[in-house]
Amino acid sequence: MRNPVYTAIAIGVGIVVLLGYFLQFDLLVNLRIVFLEWATILVATALLIGVVNLFIVHWRKSTTDQPNRVNSIALLAGLTITMGVAGWFGPTDLYSLWIFNYILIPIEASLMGILSVVLIYAGVRLLRRKPNLLSIVFIATAVIILLMTGPLFGIDIPGLAELRIWIGKVPAVAGARGILLGVSLGIIAAGLRILMGADRPYGGN
Amino acid sequence: MEETYCPLCGKPNPIDNKFCDFCLAHLHPQEGGSTDSEALSIPGIEDNQDGLGGHESDSNVPDWLSELQQSNEMENEETLDSESELGQPANAISDWMTGVSGDGEATVGEVSPTAPFLPDQGINESQDIPHWLNDSLIEEEDQDLLEDERSGEVPLDGEGRDVSRGDSSSPEISEDISSGRENAGPLAGLRGVLPAEPGAARVRKPRTYSAKLKVSTSQRAHIDLLNSLLEDEGQPQPLPPRRSISQQHVLRWGIALVLLMAILWPIVITSHEMPFPDYDEGSAEVNRLISQLPENARVLVGFDFEPGLAAELDTAAAPVFDHLLSEGALLTLISTSPSGPILAERFIQSIQSDQKLIYGLEYVNLGYIPGGAVGLLSFIENPQGTIPFTIDGLSAWETEDRNGLPATAGIDQITDYSMVILLVDDPDTARTWIEQLGPTITNPQALMSFVLITSAQLEPVVRPYYESSPQPVNGLVVGLRGGAAYARIIGSDDFPGRSWDAFGMGTFVAALLILVGGLGYYVIPELSRTARDQEKVKR
Amino acid sequence: MNLADWIGAFVGFVLTLLVFSYLIGDNPLFRITLHMFIGVSAGFAAVVTIYNIILPRLFVPIFISDRSEQILTLFPLILAGLLFTKISPRFAFIGNLPMSYLVGVSAAAAIGGAVTGTLIPQALASMNLFAVQSNQAFDANVGLRLVNGIIILIGTVATLAYFQFGKLSQASEKTQFQTWIDGLGQIGQVFIAITFGFLFAGIFSAALTALIGRVLFSVDFISDVLGLFIR
């Protein structure tokens, strides 16, 4: 729905918050603080809406006859039990921590554990799929860093430890700095488009 | 006795009669002037005897009939003209004749309006029609059909059926009309009755033009082929038998098995044998900064990692917090991730066996700041307004109308903290913290340091900030290696040796698998291909 | 260990096995476990948000604060209420108002952070590589530091060239400038490969530590169970 009011709001509050980085007028600073506080409350509300929506979607799925309804029932069970326990006793209570320690962490940590196998598998297949200079550089770097990140049984290979430090401090820093600068330029461009009203991801166009 | 027929009622009369015995009509056309009775005499027979002529008697024809005749003649002349233009002989079978014959008997009647007055043995008898004219009586569609049959074409309907026969209606006229017998009304049964409307003689079923597709036999064959192909496409094809265990499966299982065995071996069988790292620059810097903290320094600790990486970050952070708490630091815990406050609480409980921390007095858990960069900026600008209460609902800060907690006493703004420690696993989260907090840290007037305890996956991303000048990040403890290095620096024996040994074995085996497996996976197929090529050359 | 810990350890052990079953192949039990994980995570997120933000920041000030604070709280309360219309597709357009507010503030915070936290400091850091003072250039390794500084500078510019000018090089006829940029981008790719190789090793190290944590947990649980029976 085209509404210039939305665009004006986005540009107005955005300019106030952005100017606060560079100018320190009392009025501007106070206004900026108020805008930021309201925004944090709205983000929290948005998160809550996301959870409500998740519940609604999976409630519908679980009440209709479809093959994956068991998954939705499992999700709803996890959601309601957690909300019930953590909501009643508090999120940092022992009962809540029990769920956190024995359900959430085992699952997520195991998923991360699987990733280690998948990464080796990808590394093994890389040279087969893309046998070029960049792949060789990639694999060589990864192997050197891996060997020198662990203790390597206490074996000291001359120059390898220094090479690991040098890679971390010189070429990797150069590449990462270039990437960071590129990312920040991209963020600035995207943000300015919003503040100029060219992009309206809030439904203003 | 010779007889003549009444032109009006059609009944036989003696040839000598001047008037019909039945209807009193003139039996012979009168010569000379016109009378009332002349108006009834119709020059039918004479007109038809000279074929389609009869122009000399036009004066005796009533207006309506002469108009009809003229229109027919005009049509015929036009047809003849057009045929002449095409260079065809005028006596050849022309379209107008074909049209006449094509329309059958009804058309004969059409051409000569006097036909209804003729006796049954009139011109519509086939024996009077020459053979060339008889041929032209074949219906136009039948001719088309013959041509089709000669050329191998068969008219088809939409479903490909033969529709060449019996679906086109030929123009017909009722037998009663053609024979001139009235079949309705008071004159029913009478012959030669003039139709009330001349157009009635033209009554016929409208010609139907076939909309059927005409295709040749070869096209028909292609249609059949296409149909069969489409039918095959619609049918679910049986999948080729899938190999239940592929090469990739075997490779993945092999890697998993080798890796698990490599990890299990130091955990189950051996004791701690692997040495801790000698020196790590980032860890040493953190150690120096913590050692320089004043008594009861306020330290803000951000717990911004996912529960899945708790094993790595808890282990890496444990020696740092041992050192920090031994210096008497008071902690304020915060997070920009919803699971962060629980991770913080869990971590504090895990180190409780060594450090008896009292909630509110030595540490406080402020909980969760939503909004990423927005929330963090808000907290940096105004900590008390952004998170006024702890996660337990206690008033976190000392204000004019509320008593705060001792752990946060004296904190009005972010620069009142002596140090900020961030436990982080995500590049974006780390970047957000550094970007929002960096300008404050690099401000020479702020006596505050910022150190990171990160997952190993973050080292390349945060190192450019650490290697910068001025430094937005003052110290760096990276992963298990950084934690082990820190434990060695402070001389702690609590660092889990089993984890470190398993980590050493795991990284070594992984490097070996990638190197050997990758080369083997690449070289072996290349060698076999070279061997095959050589065999081909030999042959 | 008390009973709750025993039950918890058993549940954790079973869940670990269920997730590891993915290594054999995708299966329904793995998917159920995954969905349960999503549910638990969402549940914690919702409760923490309610406890930490919604109740103390949105509702408590309405009842216990002074008039000015109540009025100030009314605005976010109304905006939050409007945001809830996003749940219904029919009334979702009403939620565009708070969304526009959120997007404006977030964009400004992102721009400000990127400029003051990354762009200017990192550009300065690249320039300061050759500053004699900051590099303590009078020590013995001055030559090595300068070489490293040159490598970092070339690598940074080349990486940036690869990312920022990658689109220009698609043109059919290249100018001399574009040819230079392309050449620089080729060098940049090598630096990116090194950085990603480093990143790959780091991610593997993190995942390996998580795997070690689960293996340690499982071994401890099994040994505890066996210890019960042997005892």
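Since the model is a prediction, treat every value here as computed from it, not as a measurement. (Residues numbered from 1 in each chain as written. Chains lettered and ligands numbered in written order. Predicted model: local features only at pLDDT ≥ 70, side-chain atom pairs only at ≥ 80, totals over all residues.)

Along the backbone of chain B there are 19 helices and 10 strands. Considering chain B as a whole, with its 539 residues, one finds that 38% of them fall into the buried category. For chain B, contacts bridging at least 24 residues in sequence account for 67% of all contacts bridging at least 6. (Helix = DSSP H or I, 4+ residues; strand = E, 2+ residues; numbered from the N terminus. Buried ≥ 20, exposed ≤ 12 C-beta atoms within 10 Å, placed from the backbone. Contact = placed C-beta atoms within 7 Å.)

Turning our eyes to something else, we now look at the overall build of chain A. Along its length, chain A carries 7 helices and 0 strands. Each helix and strand of chain A, ordered N terminal to C terminal, gives the series α-α-α-α-α-α-α. With the C-alpha coordinates aligned to their principal axes, the bounding extent of chain A is approximately 65 × 55 × 40 Å. Counting all 205 residues of chain A, 47% fall into the buried class. Within chain A, contacts between residues at least 6 apart in sequence are counted, and of these 27% link residues at least 24 apart.

Residues Leu42 of chain A, Val299 of chain B together with Val105 of chain C are the most contacted members of the largest nonpolar core, which totals 215 residues. By residue number, the principal contributor to this core is helix H6 (residues 176-230) of chain C, which donates 18 residues. Two domains each donate at least three residues to this core, and these are domain 2 (247-276 + 496-539) and domain 3 (281-494) of chain B. With residues up to four places along the chain from it excluded, the contact list for Val299 of chain B reads Leu324, Ala329, Leu330, Leu331, Tyr417, Ser418, Met419 and Ile421 of chain B. (Core = buried A, V, L, I, M, F, W, Y, C linked by C-beta atoms within 7 Å. Domains from an automatic or database assignment.)

Reading predicted coordinates in detail is not appropriate for stretches of low pLDDT. When pLDDT is averaged along chain A, the result is 91; 98% of the residues meet or exceed 70. When pLDDT is averaged over each helix and strand of chain A, the minimum, 90, is found for helix H6 (residues 160-169) of chain A and the maximum, 95, for helix H3 (residues 69-89) of chain A. (pLDDT = per-residue confidence, 0-100.)

On to the interface of chain A and chain C. If you look at the interface, chain A gives 96 residues, while chain C gives 96 residues. Ranked by residues supplied to the side of chain A that touches chain C, first place goes to helix H7 (residues 171-195) of chain A with 20 residues. Tallied by class, the residues present in the side of chain A that touches chain C amount to 72 nonpolar, 22 polar and 2 charged. (Nonpolar A, V, L, I, M, F, W, Y, C, P; charged D, E, K, R; others polar.)

Contacts between the two partners involve 54 residues from chain B and, on the opposite side, 50 residues from chain A. Of all elements in the fold, only helix H10 (247-269), helix H12 (310-326), helix H13 (340-350), helix H14 (373-381), helix H15 (383-386), helix H17 (459-466) and helix H19 (497-538) of chain B reach the threshold of two or more residues within the side of chain B that touches chain A. The dominant element in the side of chain B that touches chain A, judged by the number of residues it contributes, is H19 of chain B, at 15 residues. Grouping the amino acids of the side of chain B that touches chain A by side-chain chemistry returns 32 nonpolar, 12 polar and 10 charged.

Turning next to the packing of helix H3 (residues 67-83) of chain C against helix H4 (residues 96-127) of chain C. Residues and elements named next belong to chain C. Remark: H3 packs on H4, axes separated minimally by 7 Å, with the N-to-C direction vectors making an angle of 115 degrees. One way to sum up the angle between H3 and H4 is to call them roughly perpendicular. Contacts from Leu79, Leu82 and Leu83 in H3 reach Leu97, Pro98 and Tyr101 in H4. Per-class residue counts for the contact of H3 with H4 are 6 nonpolar, no polar and no charged. (Axes fitted to C-alpha atoms, helices over the stretch in contact; angles between N-to-C directions. Parallel < 35°, antiparallel > 145°, perpendicular 65-115°, else oblique.)

What follows concerns the sheet that holds strand S10 (residues 475-478) of chain B. All names here are of chain B. Spatially, the 6 strands line up as an open sheet ordered S7-S6-S5-S8-S9-S10, and their pairing is parallel. Only two strands of the sheet have a single partner each, and these edge strands are strand S7 (363-368) and S10. Strand-to-strand twist across the sheet, computed as the mean angle between neighbouring axes with direction ignored, equals 15 degrees. In terms of strand pairing, strand S5 (residues 298-304) meets strand S6 (residues 330-335) through 5 bridges, oriented parallel. Of the residues in S6, the one forming a bridge with Gly302 is Ile334. Contacts from H12 reach S5, strand S8 (419-424), strand S9 (449-454) and S10 within the one sheet, and its direction differs from that of S9 by about 145 degrees. Helix-sheet contacts for helix H16 (residues 427-442) involve S5, S8 and S9, and the interaxial angle to S8 is about 170 degrees. (Pairing = 2+ DSSP bridges.)

With that settled, the discussion passes to the pairing of S6 of chain B. Residues and elements named next belong to chain B. Most of S6 sits out of view: 6 of its 6 residues are buried. Because side chains alternate across S6, one face comprises the buried residues Leu330, Thr332 and Ile334, and the other comprises Leu331, Leu333 and Ser335, equally buried. In this view, the connection linking S5 to its parallel neighbour S6 by way of H12 has right-handed handedness. Of the pairings in the sheet, the one linking S6 to S7 comprises 5 bridges and is parallel in character. Pairing of Ser335 across the sheet is with Tyr368, part of S7. (Right-handed = clockwise from strand over helix to strand, strands pointing away.)

Looking now at the packing of helix H2 (residues 28-64) of chain C against H3 of chain C. Residues and elements named next belong to chain C. Axis separation between H2 and H3 bottoms out at 9 Å; the angle between their running directions is 140 degrees. Relative to H3, the element H2 lies oblique. The handedness of the crossing between H2 and H3 is left-handed. Taken together, the residues of H3 that come into contact with H2 (itself represented by Leu58, Pro61 and Ile62) are Glu69, Gln70, Thr73, Pro76, Leu77 and Ala80. Broken down by class, the residue content of the contact of H2 with H3 amounts to 6 nonpolar, 2 polar and 1 charged. (Left-handed = near helix turned anticlockwise from the far one by under 90°.)

The next thing to look at is the environment of Leu119 of chain A. Following the sequence through the fold, Leu119 of chain A ends up in helix H4 (residues 94-129). Apart from residues no more than four positions distant in its own chain, Leu119 of chain A is found in contact with Phe200, Ile203, Phe204 and Ala207 of chain C.

Our focus in this paragraph is the confidence of the model for chain B. Residue and element names in this part refer to chain B. In the predicted model, chain B carries a mean pLDDT of 74, and the fraction of residues at 70 or more is 64%. Between residues 77-130, whose pLDDT stays under 50, and residues either more than four places distant or in other chains, the model counts 82 contacts. Ignoring residues within four places in sequence, the model shows residues 151-175, a span with pLDDT below 50, making 49 contacts including any to other chains. In the predicted assembly, ipTM is 0.92 and pTM is 0.73.

What follows covers unusual backbone geometry. Cis geometry is found at the peptide bond from Ser469 of chain B to Pro470 of chain B, where omega equals 5 degrees. Mapping Pro470 of chain B onto the fold places it in the loop between H17 and S10. Of note, the phi angle at Leu152 of chain A is positive, near 55 degrees, even though the residue is not glycine. The residue Leu152 of chain A is located in the loop between helix H5 (133-149) and H6 in this model. Residue class for Leu152 of chain A comes out buried when judged on the 20 C-beta atoms lying within 10 Å of it. Located in the positive-phi region is Asn296 of chain B, a residue other than glycine, with phi close to 55 degrees. Checked against the element boundaries, Asn296 of chain B lands in the loop between helix H11 (281-291) and S5.

Attention shifts here to the environment of Ser395 of chain B. Residues and elements named next belong to chain B. When you line up the elements, Ser395 lands in the loop between H15 and S8. Exposure remark for Ser395: the 17 C-beta atoms within 10 Å place this residue in the partly exposed category. Along the primary structure Ser395 and Phe508 are separated by 113 residues, whereas in three dimensions their C-alpha atoms are 50 Å apart. Contact partners of Ser395, with chain neighbours within four places excluded, come to Pro388, Phe389, Arg402, Asn403 and Gly404.

So, about H12 of chain B. Residues and elements named next belong to chain B. Taking 1.5 Å of rise per residue, 17 residues should cover 24 Å, and H12 covers 23 Å from first to last C-alpha, within 8% of that figure. Remark: the principal bend of H12, roughly 35 degrees, maps to Ala318, with a proline, Pro319, within the next four residues. Within H12, 14 of the 17 residues are buried, leaving the element largely enclosed by the surrounding structure. Residue Gly328 follows H12 closely and has a positive phi angle near 80 degrees. (Expected span 1.5 Å × (residues − 1). Bend = angle between axes of the 7 residues up to and from the residue.)

Its place among the elements puts Thr118 of chain C in helix H4. In this structure, the C-alpha to C-alpha distance between Thr118 of chain C and Gly12 of chain C, residues 106 residues apart in sequence, is 41 Å. Ignoring any residue separated from it by four or fewer positions in sequence, one finds Thr118 of chain C in contact with Leu180 and Ser184 of chain A together with Glu435 of chain B.

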